[in-house]
Amino acid sequence: MQEQLKRYADLAIGVGLNLQPGQRLVIRAPIEAAALTRALAASAYDAGCPYVDVIYGDDQLDLVRFRHAPADSFGEFPTWRVNGMIERAEQGAAFLTVAGGNPDLLKGQDPERVATTMRTASEQSKPFSRGYITNMRVSWCVISAAVAPWAARVFPDAPAQEQVDRLWDAIFRACRVDQDDPAQAWRRHIDTLEARREYLNERAYTALRYAAPGTDLTVGLPDGHIWKGGIDHNEQGTRFVPNIPTEEVFTLPHRGRVDGTVSSTKPLNYGGRLIEHFSLTFAGGRVVAVEAESGAEVLEKLIATDEGAARLGEIALVPHSSPISGLGRLFYNTLFDENASSHAALGQAYSVCLEGAESMSEEQLAAAGANASVTHVDFMIGSEQTDIDGVLADGSTEPVMRAGEWAIA
């Protein structure tokens, strides 16, 4: 396990962040992932990092807050953390998030408090998240760590003493850590994703049309949209991989040109609450109807976060045959589940997916079709029954995906 953690850490630092000598690093991780965090710090120092800042989170402390804190205190947020992140960003630091928590942590908690907490965190974090992350000014990467509550959710059929090890095995497979040369495997994979996005950028579709059971959706694409995926560049031009694993190519939809109904193909874990078997109906870009077998009240509160939370900020294409889909498990973790399925996101758009965005004001971005929100929440809409067509400028269509797989060379 120590050797695998080292390989995983080296992949995250060397390929995910592409950490440069002299560059500082900020790591946010659950306290249960201390062993991985230490391996990440060692890899960073070996790469020439002068200082690694670590911010540990504790699910159980979050639960203590929901159970014991005053009812009127859920609008509180430690803004000093955001200011510290901005300070490090201005110094050129890289940022690594280790995801891993209990998917059912807040099950049974007041959905109003959950919504208030999520909204407050999003609003207060906006100067950092919007100012440095979504516009790719800094290098950042998200990876995951196996922790006991998450492992029990993913592998409920395994003996308790084996669950964490099985989840680690799944993470290592999905992230190609189990291959002889993980870094080289990732370089080949990134080349494939770049070829996909180059093709889509050349076609310059005006819209995508989705068809699947429970889905009949048209997503308009703004003029000058750019498909991204696999790898990006910070403002210094350093290449980095924002997500490990990643199987997607993505762009931004036009905020006012989404129409029809889309059904989820996997549950959405939001704020520790599970939203299952849900559908969203759009008209003129905005959600006008919501249905869900469970978690409907959480979904409705998410959409009510602000005006942009009821609109799409991202669409992403992922083949059903992705390695994560091949694992045959629901991970209850967006980083993994979104890379097993084509997906969309409610909320903030990535402005880097629009030509000339760096010189546009917020009003100009909105006029060009980019959505703005304090939130960005991915949900899965692809399956082996999903067909997607691209609409060309002359109104003709051509296949992009058939039965969940790429239909382009």
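Figured I'd write up the structure that's included with this text. Predicted model, so just to flag it, every value in this text is computed and none were measured.

## A word on unusual backbone geometry
Next up, step 1: Each neighbour pair has its own omega, and for Ile244 with Pro245 the value is 10 degrees, a cis peptide bond.
Next up, step 2: With a phi angle near 50 degrees, Asn18 is a residue other than glycine that sits in the positive phi range.
Next up, step 3: Checked against the element boundaries, Asn18 lands in the loop between helix H1 (2–16) and strand E1 (25–30).
Next up, step 4: For Asn18, a relative accessible area of 25% gives the class partly exposed.

## What to know about the packing of H1 against helix H8 (residues 182–203)
Next up, step 1: Closest axis-to-axis distance for the H1/H8 pair is 10 Å, and the angle between their directions is 45 degrees. When the axes of H1 and H8 are compared, the pair comes out oblique. Classified by chirality, the crossing of H8 by H1 is right-handed. Residues Arg7, Leu11 and Val15 of H1 form the contact with H8, whose own contacting residues are Pro182, Ala183 and Trp186.
Next up, step 2: Class assignment of the residues belonging to the contact of H1 with H8 gives a composition of five nonpolar, no polar and one charged.

## Some remarks on the packing of helix H5 (residues 111–133) against helix H9 (residues 296–303)
Next up, step 1: The geometry of H5 relative to H9 is characterised by a closest axis approach of 10 Å and an angle of 30 degrees between their N-to-C directions. In terms of orientation, H5 and H9 fall into the roughly parallel class. Where H5 crosses over H9, the two elements pack in a sense that is right-handed. Across the interface between the two elements, Pro111, Glu112 and Ala115 of H5 pack against Glu297, Val298 and Lys301 of H9.

## Looking at the sheet that holds strand E3 (residues 94–99)
Next up, step 1: If you walk across this open sheet you meet the four strands as E2-E1-E3-E4, and the pairing is parallel. Pairing within the sheet leaves two strands with one partner each, and these edge strands are strand E2 (52–57) and strand E4 (140–144). Across the sheet, the mean angle from the axis of one strand to that of its neighbour is 15 degrees, orientation sign disregarded.
Next up, step 2: As defined by bridge partners, E1 adjoins E2 across six bridges and the pair is classed as parallel. Paired with Leu25 across the strands is Val52, a residue of E2.

## Topic: a nonpolar patch on the surface
Next up, step 1: On the surface, a cluster of nonpolar side chains totalling about 250 Å² of accessible area is made up of Ile31, Val54 and Tyr56.
Next up, step 2: Following the sequence through the fold, Tyr56 ends up in strand E2.
Next up, step 3: Taking the relative accessible area as the measure of exposure, Tyr56 reaches 39% and is therefore partly exposed.

## Some thoughts on the environment of Asp181
Next up, step 1: Mapped onto the secondary structure, Asp181 falls in the loop between helix H7 (160–174) and H8.
Next up, step 2: Judged by its relative accessible area of 41%, Asp181 is partly exposed.
Next up, step 3: Considered as a pair, Asp181 and Arg7 are 174 residues apart in the sequence and their alpha carbons are 9.3 Å apart.

## Some details on a negative patch on the surface
Next up, step 1: On the surface, Glu162, Asp165, Asp169 and Asp178 cluster together into a negatively charged patch.
Next up, step 2: Tracing the backbone through its elements, the reader meets Asp178 in the loop between H7 and H8.

## Overview of the pattern of salt bridges
Next up, step 1: Within the structure shown, the criterion is met by 16 salt bridges.
Next up, step 2: Across the salt bridge formed by Arg137 and Glu90, the nearest N and O atoms sit 3.6 Å from each other. Remark: Glu90 occurs in helix H4 (residues 79–90) and Arg137 occurs in the loop between H5 and E4; sequence separation between them is 47 residues.
Next up, step 3: The partly exposed category is assigned to Arg137, whose relative accessible area is 27%.
Next up, step 4: Relative accessible area serves as the criterion here: at 51%, Glu90 is assigned to the exposed category.
Next up, step 5: The salt bridge partner of Glu362 is Arg130, with a shortest N-O separation of 3.8 Å. Highlighted residues: Glu362 in helix H12 (residues 362–368) and Arg130 in helix H5, separated in sequence by 232 residues.
Next up, step 6: Connected via shared salt-bridge partners are Arg255, Arg286, Glu307 and Arg311.

## Some points on H5
Next up, step 1: Here H5 contains 23 residues, and its C-alpha end-to-end distance of 28 Å is more than 12% below the 33 Å for a straight helix at 1.5 Å per residue.
Next up, step 2: At Ser125, H5 shows its maximal kink, close to 65 degrees; a proline, Pro127, follows between one and four residues later.
Next up, step 3: Within H5, burial applies to Val114, Ala115, Thr116, Thr117, Thr120, Ser122, Phe128, Gly131, Tyr132 and Ile133.
Next up, step 4: Taken together, the buried residues of H5 touch E1, helix H3 (59–68), H4, E3, E4 and H9.
Next up, step 5: Structurally, the start of H5 carries an N-cap: the backbone nitrogen of Glu112 is 3.0 Å from a side-chain oxygen of Asp110.

## Notes on the nonpolar core
Next up, step 1: With 80 residues, the main nonpolar core has Leu25, Leu40 and Ile143 as its most contacted residues.
Next up, step 2: Among the elements that line this core, the one with the most residues is H1, at seven residues.
Next up, step 3: When neighbours within four sequence positions are excluded, Leu40 is seen to be in contact with Ala9, Ala12, Ile13, Ile27, Leu96, Val98 and Ile143.
Next up, step 4: If you look at the next biggest cluster of nonpolar residues, it comprises 38 residues, including Leu193, Trp227, Phe379 and Val400.

Thresholds applied
- Residues numbered from 1 in each chain as written.
- Predicted model: local features only at pLDDT ≥ 70, side-chain atom pairs only at ≥ 80, totals over all residues.
- Heavy atoms only, no water.
- Helix = DSSP H or I, 4+ residues; strand = E, 2+ residues; numbered from the N terminus.
- Buried < 20%, exposed > 50% of the residue type's maximum accessible area, 1.4 Å probe, protein only.
- Axes fitted to C-alpha atoms, helices over the stretch in contact; angles between N-to-C directions.
- Parallel < 35°, antiparallel > 145°, perpendicular 65-115°, else oblique.
- Left-handed = near helix turned anticlockwise from the far one by under 90°.
- Contact = heavy atoms within 4.5 Å.
- Nonpolar A, V, L, I, M, F, W, Y, C, P; charged D, E, K, R; others polar.
- Pairing = 2+ DSSP bridges.
- Patch = residues over 30% accessible without salt bridge, like charges linked within 9 Å, V, L, I, M, F, W, Y side chains within 5 Å.
- Areas by Shrake-Rupley, 256 points an atom, 1.4 Å probe, with all protein chains shown as cover.
- Salt bridge = Lys/Arg side-chain N within 4 Å of Asp/Glu carboxyl O.
- Lys, Arg positive; Asp, Glu negative; His and termini not counted.
- Charge placed at Lys NZ, Arg CZ, Asp CG, Glu CD.
- Expected span 1.5 Å × (residues − 1).
- Bend = angle between axes of the 7 residues up to and from the residue.
- Polar contact = N/O pair within 3.5 Å; in protein donor to acceptor, adjacent residues only side chain to side chain.
- Core = buried A, V, L, I, M, F, W, Y, C linked by side-chain atoms within 4.5 Å.

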